Amino acid sequence: MPLLRITSPHAHGPMSTSRVMQHVLLATVPGIIVLTHFFGFGTLVNILWGGIVALACEALALALRGRPLAFYLKDYSALVTSTLLCIALPPYAPWWLIAIGVASSVLLAKHLYGGLGYNPFNPAMVGYVVLLISFPVQMTAWAPPRGLGEVPGLFEALLACFSPASFDAVTMATPLDVLKQNNSLLLEDLWQENPQFGRWGGIGWEWASLAFLAGGLWLLYQRIFTWHAPVAMLVAITAMAGMFYDNGSSASGGSPLFHLLSGATIFGAFFIVTDPVSSAVSTRGKLIYGAMIGALVYIIRVRGNYPDAVAFAVLIANFTAPFIDYYTQPRTYGHARKGDS
Amino acid sequence: MRKIFGFHGGIHPPENKHQSLEHPIRDAGIPAELIIPVSQHVGAPAAPCVEIGQAVLGGDVIAEAIGVVSVPLHAPTSGSIAAIERRPVAHPSGSEALCIVIDTDGEDRWRSLEGVEDYRTADPAQLLERIRECGIAGMGGAGFPSAIKLAPRNPIETLIINGTECEPYITADDILLQERAQRIVEGAQIIAHIVQPQEILIGVEDNKPEGIEAITAAAAGTDLQVVTFPTKYPSGGEKQLIEILTGKQVPSGGLPADLGIVCQNVGTAVAVRDAILDGRPLISRVTTVTGDAVSKPGNFDVLLGTPMAHLLHLAGYDERKNRRLIMGGPMMGFSVPTPLAPVVKTTNCLLAPTESELPTPPPAQACIRCGMCAEACPASLLPQQLFWFAQGKESEKLEAHNLFDCIECGACSWVCPSHIPLVQYYRASKADIQQQRKDQAKSDYSRERFEARQARLEREEAEKDAKRAARKKAAEERAKAAATGEGEEDPIQAAIARAQAKKAAQTNEGSGESELEKLERAVVTTQKRLDTAQQKLSAAEAEGSDLVDALRTGVEKTQSKLDKAKAALAEHQANHSEAPAAAEEPPVDAAQAAIQKAMQAREADAQKSPQEKARDQLGKLEQRLAKAQQRLADGRAAGEEDKIIDALSASVDKLREKISETRAQLAETESA
Ligand code: SF4
Ligand code: SF4
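If you're wondering where the values come from, they're calculated on a predicted model, not measured in any experiment.

1. As for the domain arrangement of chain B
Residue and element names in this part refer to chain B. Considered domain by domain, chain B is made up of domain 1 (123–279), domain 2 (365–485), domain 3 (516–577 + 588–606) and domain 4 (610–671). Taken together, the contacts link eleven residues of domain 2 with twelve residues of domain 4. Around 910 Å² of area is buried between domain 2 and domain 4 when both sides are counted, 36% of it from carbon and sulfur atoms. Three residues stand out in domain 2 for area buried against domain 4, namely Tyr445, Arg449 and Arg456, and they jointly supply 45% of the buried area on that side.

2. Some details on the site of ligand 1
Taken together, the residues surrounding ligand 1 are Cys367(B), Ile368(B), Arg369(B), Cys370(B), Gly371(B), Cys373(B), Gln384(B), Cys416(B), Pro417(B), Ser418(B) and Leu422(B). The class makeup of the residues in the shell around ligand 1 is seven nonpolar, three polar and one charged.

3. A short note on the packing of aromatic side chains
For the structure on display, the rule yields eleven aromatic pairs over all chains. Plain terms: the ring middles of Tyr118(A) and Trp388(B) are 5.5 Å apart, the flat faces sit at 45 degrees to each other, and that makes the pair tilted. Separated into two different chains, Tyr118(A) in the loop between helix H5 (95–110) and helix H6 (123–134) and Trp388(B) in helix H10 (residues 383–391) make up a pair that spans both. Relative accessible area serves as the criterion here: at 40%, Tyr118(A) is assigned to the partly exposed category.

4. Regarding unusual backbone geometry
Here the bond from Ser8(A) into Pro9(A) is cis, since omega is -5 degrees, no more than 30 degrees from zero. Locating Pro9(A) in the fold gives a position in the segment before helix H1 (17–39). Here Tyr233(B) and Pro234(B) are connected by a cis peptide whose omega angle stands at -5 degrees. Of note, Pro234(B) is situated in the loop between strand S11 (224–229) and helix H6 (238–246). The backbone phi angle of Tyr92(A) is positive, close to 65 degrees, even though this residue is not glycine. Note that Tyr92(A) resides in the loop between helix H4 (77–88) and H5.

5. Here's the deal with the sheet that holds strand S3 (residues 47–48) of chain B
Residue and element names in this part refer to chain B. One open sheet holds the three strands; their spatial order is S3-S5-S6, and the pairing between them is antiparallel. Where the open sheet ends on each side, the last strands, each with one partner, are S3 and strand S6 (73–74). Sheet analysis places strand S5 (residues 61–64) next to S6, joined by two bridges and oriented antiparallel. Paired with valine 61 across the two strands is histidine 74, which belongs to S6.

Definitions and cut-offs
Residues numbered from 1 in each chain as written. Chains lettered and ligands numbered in written order. Predicted model: local features only at pLDDT ≥ 70, side-chain atom pairs only at ≥ 80, totals over all residues. Heavy atoms only, no water. Domains from an automatic or database assignment. Contact = heavy atoms within 4.5 Å. Buried area = accessible area lost by both parts, 1.4 Å probe. Near = heavy atom within 4 Å. Nonpolar A, V, L, I, M, F, W, Y, C, P; charged D, E, K, R; others polar. Phe/Tyr/Trp six-rings, centres within 6.5 Å; stacked < 30°, edge-to-face > 60°. Helix = DSSP H or I, 4+ residues; strand = E, 2+ residues; numbered from the N terminus. Buried < 20%, exposed > 50% of the residue type's maximum accessible area, 1.4 Å probe, protein only. Pairing = 2+ DSSP bridges.

Written as structure tokens, this is what we have:
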């Protein structure tokens, strides 16, 4: 057997794209468990159904584009996209809603742009925004958390998904919704009147956020991504909220802690903002990119028409990522710092 | 404790160093045959100066340095020269190169060696010369001639002895630190005497506790400082090591000497010590043989030119287990085509891994822009962007993103989760861009040459006009004078005076070059041009190229020029047959003889390898260019005829072009 001739390096690290994706999937587990505990099996059913649709779409797209199926399906990227989208969808969403969302993510946002690695926009967030604009009612129908209403069982969850007509949905405004509608009460009173606010960010929400935080920190520890973008986003949102808190008047935008632990802040910071493909890549770029999303989330939440804003903020920032990259090239070894000569 | 600085990026691949550190250095003995490539260093290959069949003693020079950036080669032991021919070698660029093959006699007889008595009182220039004569080139990897590195253009503040050895698997430097610390220290002191630094640092990664202990003990009481720092690949890269130890970065495109720093590998330090104290040329080195396909990994003291197979055999090589053989480490080493290739000055390691140890890379997936490569890059580049541009062949963007600051360390490829062979793309792009630059330079050069020629022709035309006008005026004046009967003189006397003046002028010219030689030269160069033009023409005809017509006109023109030049020569010979210079000429047709000589030379050339030829030629060409330029200048000054000036300047131009081509060729073989 002749000796193989390969150019260096001959060794390779342990990381592979499939493993990166597997890690991300694994890191969502604690959050999913907490969501299931508080809101029932709805999210889990979303994820399972969404996963099936995602794989089917991926296979279809690969077949149409004449790519080897097995090789690309193994990269788990479609599953990651659908899982992240389904976590963001309201539990007990009807099957078609999920299918449309996932198909938009996988086909429209990813394959239409050339497949994994070529998509300028975060696919999960594209799917989310398509749904939010097309089906605003369904998209804001969130279930009440355990303690404030009946939590449906697995069978009911399946029923809600696949036979929506026969499922009698109970919904309740999310804390962000309530805050948005408020224009007369001091925040302290608002909290008193609306039990769903819980301690900091809303019953269920705050624990889910902490669980996603745990998953995110694990990913950070595993070096799947760096701290820059998530931390920048969280710092920016905290700073914005702190600046406009005005101690809880009726016009207040909510406390920093509320903004951190409510809605999709933490989930977004560690699972959406960190999507490598559509974000800025250099270290400084990631800081800018993250901070921009944080600021946008706050602005859209408080001033915009939609209660939560991570999806919009991320898509807007996706637009800017190439520019950020262009202007934040790191200083190469042996080159003078800008301004030095 | 000295302050240690960090550097950006870096990775922590499995070290795999313990396997080869279980035994002390073993002697690899004398193989039956030594194969010594003439190019083992950066720069011009050495020129063989032995003949086939010639007996050599250990330490005899077998190939001489050509030019400044070059080192000679020595016989590693006694024997006879068996062949000087192309053999497979381990080189990233190609698989064969000119080698001197020695049949060893096993007696290991040596020429007598003499060290420098007291280097402390010796002149650094003399020591440098000795280092060069002993054939020492950097042994850490690149193989740059040490004597050049040790004669920097700036004063040196810091001398760094590099014992970092950050590549996985390799332990050649580690074992030197452990077993030959004393010699490293002596070598470092000699180098310090040459470059006179303020401080001498020995940098070692902290994964070599035994080496650190040994070198610290050996350095005790000297002005050497042993500096240790955390293990991270590629901290042994010269630029990274400098940043770690001094916090400074070598300017892009610059040299460490620009910062007042010189780096030498520990192996080189030992070689310098042996050269200066013992007079021993560089004929052996320590090489690590390791990987799961050898059962007895370890370090060997091996003669340069030893076939790798010999060394592998000593280490218990099982070729069935081995899919690729790597010279160097797993990060920056390159695959060797065959174990028949010899060990050279830069062979720090032979790695024979099994498939499970270093698996064949899987097909690449899409870049997910995860940025892991950027995080790992010690040069702070954006490898994913470079990859993107490399795919699109966007040379300008590649250069704007500092492709040429990539040190090809492989850290980016190592971390890339999508298994993209990034470094491979960068190498290819660098080669492409270099080619583009070369082409660009060439076309710029032709344009400049054309413009210069144009300007020259105009100038000369103007000068001639002026002269003609002056002559006419003089004639008119003379005619006027004759008409008026003034300045009556004997016409015979005048003719004699003119003839004498002419003769005197000729005798003067004789010290430079005779008319005859010039004419001969013109014939030869024109003949050469005609030959090439004809070759081109027939090639074009064979291809059916549209250039045929243009080329044919060119051939015709050159032919007529040749005829003219020959005619001029013949005329000159006829006219001056009684002149002393011509009398000494052999009775054969001078033009024919010159042509024959040129032809013979060309044939001899054709038998040599292209690389050798290029090297041979460069020297010759440069000499010829100098002469040709001189001749041209003389010719112009003497107001020679047009066609002669033309012929001369054509030959100057041609030489220039050839020189740049040859340089390019050489640079290519060397940089590859
Ligand atoms: S490590 Fe590989 S996949 Fe990640 S950004 Fe770099 S090239 Fe792309
Ligand atoms: S090979 Fe080049 S681009 Fe890759 S990490 Fe090393 S220096 Fe950076």
